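Examination of the molecular architecture
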Amino acid sequence: MKKVAIFAFRGEVTCFIHVMLNAIDMREKGYEAVVVLEGEATTLVAKLADEASPMHTLFEKTKSLGLFAGACKACATNLGALEAVKKEGLPLLDDMHGHPGMARYMDEGYQIVTF
């Protein structure tokens, strides 16, 4: 099985839409796909969790499929997104000096894709 870890760094909803769409598409095509929220992307959780957001349904689908591996603990903390990340039940990742490391995923056979 192909394994892909998508690391999302950018804090733009229009970019993150493609992260979620690709993760869903990969899962539907038999890939083991996960999304890791890093950097400014952690701030998108509150925006996308808002039911008024046009992308809320896509966010909920991505979440319900278990595609979110989690969010960077350091970035979520420093960018004021920690409470939203916790509220949405996303795991906090901090295995590399407070940030999610890519090596762990590579060791598990994942291809890394960054947005």
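I will try to describe carefully the structure that is included in this document. Source: prediction; values computed, not measured. (Residues numbered from 1 in each chain as written. Predicted model: local features only at pLDDT ≥ 70, side-chain atom pairs only at ≥ 80, totals over all residues. Heavy atoms only, no water.)

1. Remarks on the overall build of the protein
In plain terms, the rule: Numbering of helices and strands starts at the N terminus; helices are DSSP runs of H or I of at least 4 residues and strands are runs of E of at least 2. Throughout, the radius of gyration refers to the C-alpha atoms, and the reference size of a globule is 2.2 Å times the residue count to the power 0.38. Three exposure classes are used, based on accessible area relative to the maximum for each residue type with a 1.4 Å probe and protein chains only: buried under 20%, partly exposed in between, and exposed over 50%.
A tally of regular secondary structure across the protein gives 6 helices and 5 strands. From first element to last, N terminus to C terminus, the protein shows the α and β order β-α-β-α-α-β-α-α-β-α-β. Expected size for 115 residues packed as a compact globule is a radius of gyration near 13 Å; at 13 Å, the protein falls within 12% of this value. Evaluated residue by residue, the protein yields a buried proportion of 44% over its 115 residues.

2. Describing helix H1 (residues 13-28)
Filter applied, for reference: Expected helix span is given by 1.5 Å per residue-to-residue step, counting one fewer step than there are residues. For this analysis, residues touch if any pair of their heavy atoms sits within 4.5 Å.
In this model, H1 (16 residues) spans 22 Å end to end at C-alpha, consistent with the 22 Å of a helix rising 1.5 Å per residue. Along H1, the positions that sit buried rather than exposed are Cys15, Phe16, Ile17, Val19, Met20, Ala23, Ile24 and Met26. Next to the buried residues of H1 lie strand S1 (3-8), strand S2 (32-37), helix H2 (44-49), helix H3 (56-64) and strand S3 (68-72). Positioned one or two residues after H1, glycine 30 has a phi angle of 95°, which is positive.

3. Section: the packing of H1 against H3
Applied cut-off: All axes are obtained by fitting lines to C-alpha atoms, using only the stretch in contact for helices, and the reported angles, taken between N-to-C directions, cover 0 to 180 degrees. Angle categories are assigned with fixed cut-offs, so that under 35 degrees is roughly parallel, over 145 is roughly antiparallel, 65 to 115 is roughly perpendicular, and the rest are oblique. Each crossing is labelled by how the near helix is turned from the far one, with a counterclockwise turn of less than a right angle marking it left-handed and a clockwise turn marking it right-handed. Under the convention adopted here, Pro, Cys and the residues Ala, Val, Leu, Ile, Met, Phe, Trp and Tyr are nonpolar, Asp, Glu, Lys and Arg are charged, and Gly plus all remaining residues are polar.
Interaxial distance between H1 and H3 falls to 10 Å at its minimum, and their mutual angle equals 40°. On the basis of the axis angle, H1 is oblique to H3. As for how H1 packs across H3, the hand of that crossing is left-handed. Listed contacts from H3 to Ile17, Met20, Leu21, Ile24 and Glu28 of H1 are Leu58, Phe59, Lys61 and Thr62. Of the residues that constitute the contact of H1 with H3, the class distribution is 6 nonpolar, 1 polar and 2 charged.

4. Quick notes on the sheet that holds strand S4 (residues 92-93)
So the rule is basically this: A strand pair is defined by DSSP finding two or more bridges across the two strands.
Taken in spatial order, the 5 strands make up an open sheet running S4-S3-S2-S1-S5, and their pairing is parallel. Unpaired on one side and paired on the other, S4 and strand S5 (111-114) mark the two borders of the sheet.

5. Brief notes about the packing of aromatic side chains
Heads up, the rule is: Each Phe, Tyr or Trp ring, with Trp reduced to its six-membered ring, pairs with another whose centre is within 6.5 Å; inter-plane angles below 30 degrees give stacked pairs, above 60 give edge-to-face pairs, and intermediate values give tilted ones.
Tallied over the full model, the rule gives 5 aromatic pairs. With centroids separated by 6.3 Å and ring planes inclined at 10°, the aromatic side chains of phenylalanine 16 and phenylalanine 68 adopt a geometry described as stacked. With phenylalanine 16 in helix H1 and phenylalanine 68 in strand S3, this pair connects stretches of sequence that are 52 residues apart. Look at phenylalanine 16 and you get buried, because its relative accessible area is 2%. Measuring from ring centre to ring centre gives 5.5 Å for tyrosine 105 and tyrosine 110, while their planes differ by 85°; the resulting arrangement is edge-to-face. Taken together, the aromatic side chains of Phe7, Phe9, Tyr105 and Tyr110 make up a single cluster linked through ring pairs.

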